[in-house]
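# Reading the structure
The residues making up each chain are set out below.
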Amino acid sequence: MFRFAHPEYLYLLAAVPALIALFAWALHDRRRRLARFGDPETVATLMPDVSTGRRKLKFGLFTAAVALLILAAARPQFGSKLREQKSRGIEMMLAVDISNSMLAEDFEPNRLERTKYAVDKLFDGLRQDRVGVVVFAGDATVQLPITSDYRMAKAFARRISPSMASVQGTSIGKALSLAEMSFSGDGDASRVIVLITDGEDHEGDVMQAAERAAEQGIRIFTIGIGTPEGAPIEIGGEFVKDEKGDMVVSKLDEQMLQEIARITGGAYIRATKQSIGLDEIVRTINEMEQSELTTMRFEEYNEQFQYLVAIAFALLLIGFWLLDRRNPLLARFDVFRKQHTEETNEKPL
């Protein structure tokens, strides 16, 4: 498979036609100026060694070298073979609550933004583990399939928002069930779910999902974000109210999150305004027995730019040593004689 690592540099090839046009204009202007001295054939007898063909050849070599250097800057590469890469680590699915209650401002600027910041920092600290992201409210969606590409994971995590939820509410059971099904399928991999939520569940099937996870050997670590006292929810500059007109206050439900962690052999951490708790969980996870992970990767592409650079410098060197005038040693071969007639009306300025 062939590709350019920096295809944006290919736009610079547009400079090559511009150089050719400029050179053609320069030749035309040269002929026009020489015509002022008299008949072109007469002028030609006064400068028998002048060779426009050589100038054209030198310019052709220079233009070809410029084009090759531009192609080299774009870094042409070959290679697309798949290879297995072995590493030791775990598979981690993050289940992030994106319901409206996560907009409560008992954490600055709100619960969800603090969660996104912590997740971003989490990815910075990972090395060989594979991660995925599930977002949920009244329903659950895989935001990022399991991957070892942390840069892509950070990009996806930054886009998390309540607008991704097609159904509002909070269904932790659906989130856990979807996370359980979203691992790679490598039966030997150590699997962990990190659940980040305020614990307000509206469905009631949470414990069944936790028991299924325990049966599959999946440990669930829960992070409760919020305060037991709770905080109002502000959306679009207005506070959310119930059907009676009372302001809705979202409170942290720790008991359920503690039970989920207990059933699966995980741990529960209450987030604070100083730390969400992901660092503590990562330290615990790193102490777990890590399994061998197999990842299919493309082999690194073989760089080809060095060959283009070498050819370009060779062309420039040839052009440097090629004289504008005919070489007396080669005069008997008359290499450029066929162009002599059209060259006779030129003279260096």
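The residue numbering used here restarts from 1 in each chain and proceeds along that chain's sequence as written. The predicted nature of this model means local features are confined to residues of pLDDT at least 70 and side-chain atom pairs, given and counted, to a pLDDT of 80 or more, with totals for whole chains, interfaces and linings taken over all residues. Hydrogens and water are ignored here; the side-chain numbers use all heavy atoms of the structure.

### Notes on the packing of helix α4 (residues 111-125) against helix α5 (residues 150-158)
- What counts as an axis is a line fitted to C-alpha atoms, over the stretch in contact for a helix, and the angles between N-to-C directions run from 0 to 180 degrees. Helix numbering and strand numbering both begin at the N terminus, where a helix is a DSSP run of H or I of at least 4 residues and a strand a DSSP run of E of at least 2. The contact between α4 and α5 brings their axes to 9 Å, and the two run at 180°. When the axis of α4 is compared with that of α5, the two are roughly antiparallel. On α5, the residues that touch K116, V119, D120, F123 and D124 of α4 are Y150, A153, K154, A157 and R158. Any angle from 65 to 115 degrees is called roughly perpendicular, while one under 35 is roughly parallel, one over 145 is roughly antiparallel, and all others are oblique. Note on definitions: a residue-residue contact is assigned when non-hydrogen atoms from the two residues lie within 4.5 Å.

### With respect to the packing of aromatic side chains
- The aromatic pairing rule takes the rings of Phe, Tyr and Trp, using the six-membered ring of Trp, and pairs them if the centres are within 6.5 Å, calling planes under 30 degrees apart stacked, those over 60 edge-to-face and the rest tilted. Summed over all chains, the structure comprises two aromatic pairs.
- Taken together, a centroid distance of 4.1 Å and an interplanar angle of 5° make the contact between F23 and F59 stacked. Remark: F59 occurs in helix α3 (residues 52-73) and F23 occurs in helix α1 (residues 15-34); sequence separation between them is 36 residues.
- Only protein chains enter the area calculation, which uses a 1.4 Å probe; residues under 20% of their type maximum are buried, those over 50% are exposed, and those in between are partly exposed. Here F59 falls in the buried class, since its relative accessible area comes to 15%.

### Let's talk about the nonpolar core
- Counting 36 residues, the largest nonpolar core has M92, L94, F123 and V194 as its most contacted members.
- Per element, the largest residue contribution to this core is five residues, and it comes from α4.
- What V194 contacts, discounting residues up to four positions off in sequence, is M92, M93, L94, A95, F221, I223, L278, I281 and I285.
- In terms of nonpolar packing, the next biggest core, distinct from the first, is built from 26 residues, F136, I172, A209 and A261 among them. To define a nonpolar core, start from buried Ala, Val, Leu, Ile, Met, Phe, Trp, Tyr and Cys residues and group those joined through side-chain atoms within 4.5 Å.

### Comments concerning the environment of I98
- Turning to its location among the elements, I98 is positioned in the loop between β3 (82-97) and α4.
- According to the relative accessible area criterion, I98 is buried, its value standing at 1%.
- With 71 residues separating them in the primary sequence, I98 and G169 have C-alpha atoms 9.3 Å apart.
- Once residues lying within four places of it in the same chain are set aside, the contact partners of I98 are L112, V135, F136, A137, I160, S161, P162, M164, A165 and Q168.

### Quick notes on α4
- If you check α4, its first and last C-alpha atoms are 22 Å apart, about what 15 residues at 1.5 Å a residue would give, namely 21 Å.
- Within the span of α4, buried status applies to R111, L112, R114, T115, K116, A118, V119, D120, L122 and F123.
- Throughout this description, a polar contact denotes any pair of N or O atoms lying within 3.5 Å of each other; where both atoms belong to protein, one of them has to be capable of donating a hydrogen while the other can accept it, and for residues adjacent in sequence the pair is counted only when both atoms sit in side chains. Regarding α4, its N-cap is N110, as a side-chain oxygen of that residue lies 3.1 Å from the backbone nitrogen of L112 further along. Expected helix span is taken as 1.5 Å per residue step, with the number of steps being one fewer than the number of residues.

### Section: the sheet that holds strand β2 (residues 76-78)
- Think of it this way: DSSP has to see at least two bridges between two strands before they count as a pair. Reading across the sheet, the three strands line up as β1-β2-β14 and stay open at both edges, with antiparallel pairing between neighbours. With one partner strand each, in any of the chains shown, β1 (2-4) and β14 (302-303) form the two edges of the open sheet.
- The pairing of β1 with β2 spans three bridges and is antiparallel. Its bridge partner lying in β2, F2 is registered against F78.

### Focus on helix α8 (residues 254-264)
- All of the buried residues in α8 are E254, M256, L257, I260, A261 and T264.
- Each element contacted by the buried residues of α8 is listed here: α6 (172-181), β6 (190-197), α7 (206-215), β7 (219-224) and β12 (268-270).
- Near the N-terminus of α8, the side chain that reaches the backbone nitrogen of Q255, with its oxygen 3.4 Å away, is that of D253.
- Looking at the residues trailing α8, positive phi occurs at G265, about 80°.

### What to know about the pairing of β6
- Where burial is concerned, most of β6 is hidden: eight out of the eight residues are buried.
- Taking every second residue as pointing to the same face, both faces of β6 are buried, with S190, V192, V194 and I196 on one and R191, I193, L195 and T197 on the other.
- Note: β6 against β7, six bridges, orientation parallel. Within β7, the residue paired with L195 across the bridge is T222.

### Details of the pattern of salt bridges
- Salt bridge criterion: a side-chain nitrogen from Lys or Arg within 4 Å of a carboxyl oxygen from Asp or Glu. As enumerated under the stated definition, the model contains ten salt bridges in all.
- The partner of R75 in a salt bridge is E303, and the shortest N-O contact between them spans 2.3 Å. Of this pair, R75 sits in the loop between α3 and β2 while E303 sits in strand β14; the two residues are 228 residues apart in sequence, bridging distant segments of the chain.
- A salt bridge links R262 to E259, with the shortest nitrogen-to-oxygen separation between them at 2.5 Å. In this pair, R262 and E259 are both assigned in helix α8, three residues apart and thus about one turn of the helix distant.
- Overall, E259 belongs to the partly exposed group, its relative accessible area being 28%.
- One continuous salt-bridge network, built from bridges that share partners, spans D120, D124, K154 and R158.

Purely geometric stuff here, so don't read any function into it on its own.
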